[in-house]
Every structure is written in structure tokens, then in C-alpha cells.
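The chain contents come next:
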Amino acid sequence: MISRKIKLNATEDVQEFVKAASKCDFDVDVYYNRILIDAKSILGVLSLDLNRVLTVDCHGENKEFNRTLQKFAVA
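Residues numbered from 1 in each chain as written. Predicted model: local features only at pLDDT ≥ 70, side-chain atom pairs only at ≥ 80, totals over all residues. Heavy atoms only, no water.

Here's the deal with a nonpolar patch on the surface
A grouping of I42, L43 and L46 is seen on the molecular surface, where their side chains present a nonpolar patch of about 280 Å² in accessible area. Locating L46 in the fold gives a position in helix α2 (residues 42-46). The partly exposed category is assigned to L46, whose relative accessible area is 35%. (Patch = residues over 30% accessible without salt bridge, like charges linked within 9 Å, V, L, I, M, F, W, Y side chains within 5 Å. Areas by Shrake-Rupley, 256 points an atom, 1.4 Å probe, with all protein chains shown as cover. Salt bridge = Lys/Arg side-chain N within 4 Å of Asp/Glu carboxyl O. Helix = DSSP H or I, 4+ residues; strand = E, 2+ residues; numbered from the N terminus. Buried < 20%, exposed > 50% of the residue type's maximum accessible area, 1.4 Å probe, protein only.)

Take a look at the structure:
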């Protein structure tokens, strides 16, 4: 399992992130504090507080999705 910290600043960022996550054949979770959401659910991700840094857990590996994570990565 791979964990990364990301920041989604706009609705367009959420759409791009969910689209990339949906192409993965493994589970991808997004969370902060105690709130856990399936990254493939656009409504779920939009319901998160986008002012926060989010943690993404990938239960597999996909090079294209890794590029998307790099784009939204927080240092």
C-alpha cells in the first residue's frame, strides 16, 4: 500500500483525480482525520473539505495514476 499527501484546489482538480482513480483496478481511498472516502466517487471526494491536505492510500500500483498523484502532491 502506498500513501501520498495531496491537495485538490478546484472542482476541475477533483474531476481529474477521480477520473484517474477510476481507471485503477484496485482500491484507492482518500481521507483526513476520521473521514474515509472511495477515491472513485466524485460526490464523495467533492464532499471532503478541499481546504485540507488529503491522504491517498493506493492498494496497488498504476503508473498513470502515480503521475496524477505527483501533480497534486504536497511537499
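Quick notes on the environment of V28
Within the fold, V28 resides in strand β2 (residues 28-32). Residue classification places V28 among the buried positions, given a relative accessible area of 0%. Expressed as a C-alpha distance, the spacing of V28 and H59, which sit 31 residues apart in the sequence, is 6.3 Å. If we skip the residues at most four places from it in the chain, V28 touches I37, D38, A39, V56, D57, C58 and F65. (Contact = heavy atoms within 4.5 Å.)

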